[in-house]
Structures are given as C-alpha cells and as structure tokens.
Amino acid sequence: MILRDLHAKARQALDPVHYDYVAGGAGDERVLADNERAFDRYLLLPRVLRGGERRDTAVDLPGAPGASPVLVAPTAFHRLLHPDGEEATARAAAAEGAVLVTGTASTTAVARVVAAARGRDRAAAVWFQLYPHPRREVTHALVRRAEEAGCTALVVTVDSPAFGRHTRDLRNGFTDLPPGHAAENMRDLPGAPPGALTDIPMSPAVSWADLDDLVRRTALPVLLKGVLHPADARLAVEHGAAGVFVSNHGGRQCDAVPAALDCLPAVAAAVAGRVPVLLDGGVRRGSDIAVALALGASAVGVGRPVVWGLAAEGEPGVRRVLAALREEYDHTLALCGGRRNTDLTRDMVVRKGGTW
Ligand code: FNR
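Residues numbered from 1 in each chain as written. Predicted model: local features only at pLDDT ≥ 70, side-chain atom pairs only at ≥ 80, totals over all residues.

## Brief notes about the overall build of the chain
Phase 1: Scanning the chain from terminus to terminus reveals 14 helices and 12 strands.
Phase 2: By the compact-globule yardstick of 21 Å for 356 residues, the chain fits well, its C-alpha radius of gyration being 19 Å.
Phase 3: Across the chain, every contact between residues at least 6 apart in sequence was considered, and the portion connecting residues at least 24 apart equals 75%. (Helix = DSSP H or I, 4+ residues; strand = E, 2+ residues; numbered from the N terminus. Rg over C-alpha atoms; globule rule 2.2 N^0.38 Å. Contact = placed C-beta atoms within 7 Å.)

Below, the structure is given as structure tokens:
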C-alpha cells in the first residue's frame, strides 16, 4: 500500500519523460509485467506452532554481515529524479541496514555515495555495480575508484551485452542526460567522456576471461548480476563469483525471457548453496520476499520502488519503502511459523491452483 502510494506520488512529481524512463521496459514490456505477475503464481504454505516472539531476519552477505534481506538494486541517474540524488538513497539505505548497490551510471561519484552512507552508519555496506568494459584499463580504473571509495563488493552486470531498447525512451526521444547531469563515475576515464547515456560501457565482446581478470585483480568479492540460465550460475561459481543475482534487469533488456522468480529455483539448485543467490525483479511486498527466500534466495533487491520513494519524498521516502518491505516480510515470516529466514523452505511454496 505504502509502495503504491509513493509510486502515485512519484508519477505526479516527475517529468513524464523521466517517469517513463524509470517505469518502462524493453520491447512490448512483457517481461516487465511478468516479473510482478509471477509472484501471483506462487503461494505460501505456512507451518504452524513453531514460531517465536523474536525473529532474526538478518543475512550475512559478501562484504555485508548482518544485512537486511532487502537490498537496493542499482538504478541509474538519481539526481535526475530528486535533487538529493544518490546521497539521499545512500543515507536511507544505511539507516535501514540495507546494502546499497550503487551503479556505474550514477549521477554522483561513488566516493560521495559511500561517504553519505557511512555518515549515517559507519558500518554501512555499499557495493559497486560495474558494467565491464571491453577495454580492461577502463574497467580497472572503475574498480579502483570503487575500492578507494570503500565499497565492500563488486556486482558485475552481465545481462547487458548491448544497451536495452526501451520503447518509451525511444518514443520520447530520451537518449541523453540533460545539461547539468553526468555519469560521474565515468569522468576522466581513459577514452570515456561523460554525458550521454550511451557512454556507459556495454559490449557483447565481454567474456568469462574478463571476469577471471577481474577476480584476480581485486580483493573484493565479485557477484554476477543478470544470470538466468542454471549453466551460467554453475560457471559463475567455477569462475570465482561470490554470489549470483537472478535478474532480467527489471524487464529492460531481452523482452522474451522468463520472469526472474521463475528462473530462481533452477539457479538455486545449480548453485547448491556454494554462494548466496539473490533475486530482483517485481518484488513489491513482504510476502514476495518470503516466496523468493523459500525458493532459494538469500536476499532480494528492489529497483523501481526505491526510485519512486526517492522521487516522491527524497531520503524519507526511500526509508519508508525499505522499512515497509522489511516489516511486512517479518510479519509474513511470523505468519509462516518462522523465526529466521532459513525456516522458509521450498516445500512451503506451492503453485496457485493446486498444492501438490
Ligand atoms: C535499472 N537496473 C539497472 N541494473 C544495473 O545493473 N545497472 C544499472 O545501471 C541499472 N539501471 C536501472 C535504471 C532503472 C531506472 C531501473 C528501473 C532499473 C536494473 C535494476 O538493478 C534491477 O535489476 C531491477 O530494477 C529490478 O526490478 P524492479 O525491482 O524494478 O522490478
């Protein structure tokens, strides 16, 4: 309910072109719609008489011990959507104990984003999302910036070998950041001038060898974001990934893939507990988090809801989104007879329309 209200408020506050940039997806927006709808296809089968007065919903993630099971997925260009931009998002995430995944495509430099988070909570975990560049020196320079800023993990987005075709943006002619905004992390990198959206590196030539190089070069844990095929999840672990995000980029890349949630069970089975599996796409309520955790996720990310909170109310809006999701999840866990996240098991999720 809170999320829906903030979405409506954000829609009113935003320039319609910017609203469409956030709300929209690729192609006919089939995947965008299905990510949310997928949660309607799964139901919880609670266990009874085994709960407790106190519940512990914290989760240990790479570079983020004791984190909230809800983390902030990377979304681009926050200063376009609210004047306080990424720093407001960072302060809100830190205050709510949520990992912030800050992006390559940030309108605030990563050092300032981390400083904002740590100003609120000295132990705040900020991960850096990286679009790997085919020229390794560019990737290395970005990684150094993230390391020097104090990020505690890298999240390599692997579902973007090419820029997604966002139907609404193409219709609206939204291809460049307006004057006064820039992709600040790209500033002064070798051969990558800031400014245009398309200057964010994306290349189909990036390979597992580039991942190997990255894992060798950095002491930070490296997670992969955008894995849907179980064979890729297995490869990710073999190549040293510290975690895998099941994600279809919120329906913004290939518009013919399954809902993220539908890909989760097979990926979780392939990873077999060796590293944490995370999920993002369509998470809008506490019970969605419970379903994802029961199907094998250690934590979930939220993208658009955080942006709506930011656009509607700035830092307090983001806090409201993260707190509402965490509290709703805690309540659902209680209703399912759980004391901790691992009490939600696969047998407690059934397909709608039949139990067994
Ligand atoms: C994104 N997402 C994204 N992902 C990424 O790895 N790097 C990025 O720069 C962005 N930018 C971005 C901008 C906007 C406006 C949106 C909506 C999304 C994808 C994001 O991390 C996440 O996968 C989805 O947003 C999750 O889906 P929901 O929660 O929005 O349904």
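Continuing now.
## Re the pairing of strand β6 (residues 126–130)
Phase 1: For β6, the buried fraction is high: five of the five residues fall into the buried class.
Phase 2: Where burial is concerned, the two faces of β6 agree: the one with Val126, Phe128 and Leu130 and the one with Trp127 and Gln129 are both buried.
Phase 3: Alignment of strand β5 (residues 100–102) against β6, held across three bridges, turns out to be parallel. For Thr102, the partnering residue across the bridge sits in β6 and is Phe128. (Buried ≥ 20, exposed ≤ 12 C-beta atoms within 10 Å, placed from the backbone. Pairing = 2+ DSSP bridges.)

## Describing the confidence of the model for the chain
Phase 1: Chain-level pLDDT for the chain is 95 on average; 97% of the residues reach the 70-or-more range.
Phase 2: Taken element by element, the chain is modelled with least confidence in helix α7 (residues 136–149), mean pLDDT 95, and with most confidence in strand β10 (residues 277–280), mean pLDDT 99.
Phase 3: The ipTM for the predicted assembly is 1.00, set against a pTM of 0.97. (pLDDT = per-residue confidence, 0-100.)

## Points about the packing of helix α12 (residues 286–294) against helix α14 (residues 315–335)
Phase 1: Look at α12 against α14: their axes get within 7 Å of each other, and the N-to-C directions meet at 60°. It follows that α12 is oblique to α14 by the angle criterion. For the pair α12 and α14, the sense of crossing is right-handed. Between α12, through Gly286, Ser287, Ile289 and Ala290, and α14, the contact on the second element is made entirely by Leu325, Glu328, Tyr329, His331, Thr332 and Leu333.
Phase 2: Within the contact of α12 with α14, the residues separate by chemical class into five nonpolar, four polar and one charged. (Axes fitted to C-alpha atoms, helices over the stretch in contact; angles between N-to-C directions. Parallel < 35°, antiparallel > 145°, perpendicular 65-115°, else oblique. Left-handed = near helix turned anticlockwise from the far one by under 90°. Nonpolar A, V, L, I, M, F, W, Y, C, P; charged D, E, K, R; others polar.)

## Topic: the packing of helix α13 (residues 304–313) against α14
Phase 1: Packing of α13 against α14 leaves a shortest axis separation of 6 Å and a crossing angle of 145°. Like other packed secondary-structure pairs, α13 and α14 cross with a definite hand, here right-handed. Seen from α13, the contacting residues are Pro305, Val306, Gly309, Leu310, Ala312 and Glu313; seen from α14, they are Pro316, Gly317, Val318, Arg320 and Val321.
Phase 2: Grouping the constituent residues of the contact of α13 with α14 by class yields seven nonpolar, two polar and two charged.

## What to know about the pairing of β10
Phase 1: Burial along β10 is two-sided: the face carrying Val277 and Leu279 and the face carrying Leu278 and Asp280 are both buried.
Phase 2: Note: strand β9 (residues 243–246) against β10, three bridges, orientation parallel. Of the residues in β10, the one forming a bridge with Val244 is Val277.
Phase 3: Where the polypeptide runs from β9 across helix α11 (residues 260–271) and back to β10, its parallel neighbour, the crossover connection is right-handed.
Phase 4: The sheet contact formed by β10 and strand β11 (residues 299–302) spans three bridges and is parallel. When the bridges of β11 are listed, Leu278 appears paired with Ala299.
Phase 5: Assessed by its sense of winding, the connection that carries the chain from β10 through α12 to β11 is right-handed. (Right-handed = clockwise from strand over helix to strand, strands pointing away.)

## Here we look at the site of the ligand
Phase 1: Taken together, 23 residues are adjacent to the ligand, and Ala73, Thr157, Gly250, Gly303 and Arg304 come closest.
Phase 2: Residues of the shell around the ligand, tallied by class, amount to eight nonpolar, 11 polar and four charged. (Near = placed C-beta within 6 Å.)

## Brief notes about the nonpolar core
Phase 1: Core analysis: the largest hydrophobic core is formed by 111 residues, its most contacted members being Val99, Leu154, Val244, Leu264, Val267 and Ala292.
Phase 2: When residues in this core are grouped by element, the largest group, eight residues, is from α11. (Core = buried A, V, L, I, M, F, W, Y, C linked by C-beta atoms within 7 Å.)

## Describing the UniProt feature "binding site: glyoxylate" (unreviewed entry) in the chain
Phase 1: With numbering aligned to this structure, UniProt lists the feature "binding site: glyoxylate" (unreviewed entry) at Tyr21, Tyr131, His249 and Arg252.
Phase 2: As for its position among the elements, Tyr21 is in helix α2 (residues 16–23).
Phase 3: Not counting chain neighbours up to four residues away, the residues in contact with Tyr21 comprise Asp169 and Phe174.
Phase 4: Here Arg252 shows up in the loop between β9 and α11. (UniProt positions renumbered as here; feature names shortened; annotations may be inferred.)

## Some points on unusual backbone geometry
Phase 1: In this model, Leu49 sits at a positive phi of 60°, which is unusual for a non-glycine residue.
Phase 2: One can find Leu49 in the loop between β1 (42–44) and β2 (59–61).
Phase 3: Among the residues examined, Leu49 registers 5 C-beta atoms within 10 Å and is labelled exposed.

## Side note on α2
Phase 1: What α2 keeps buried is the set Tyr19, Tyr21 and Val22. Burial along α2 is one-sided: seen end-on, the buried residues are contained in an arc of 155°.
Phase 2: In this structure, the buried side of α2 is in contact with α1 (2–13), α4 (78–81), α8 (167–172) and α13. (Arc of directions from axis to C-beta.)

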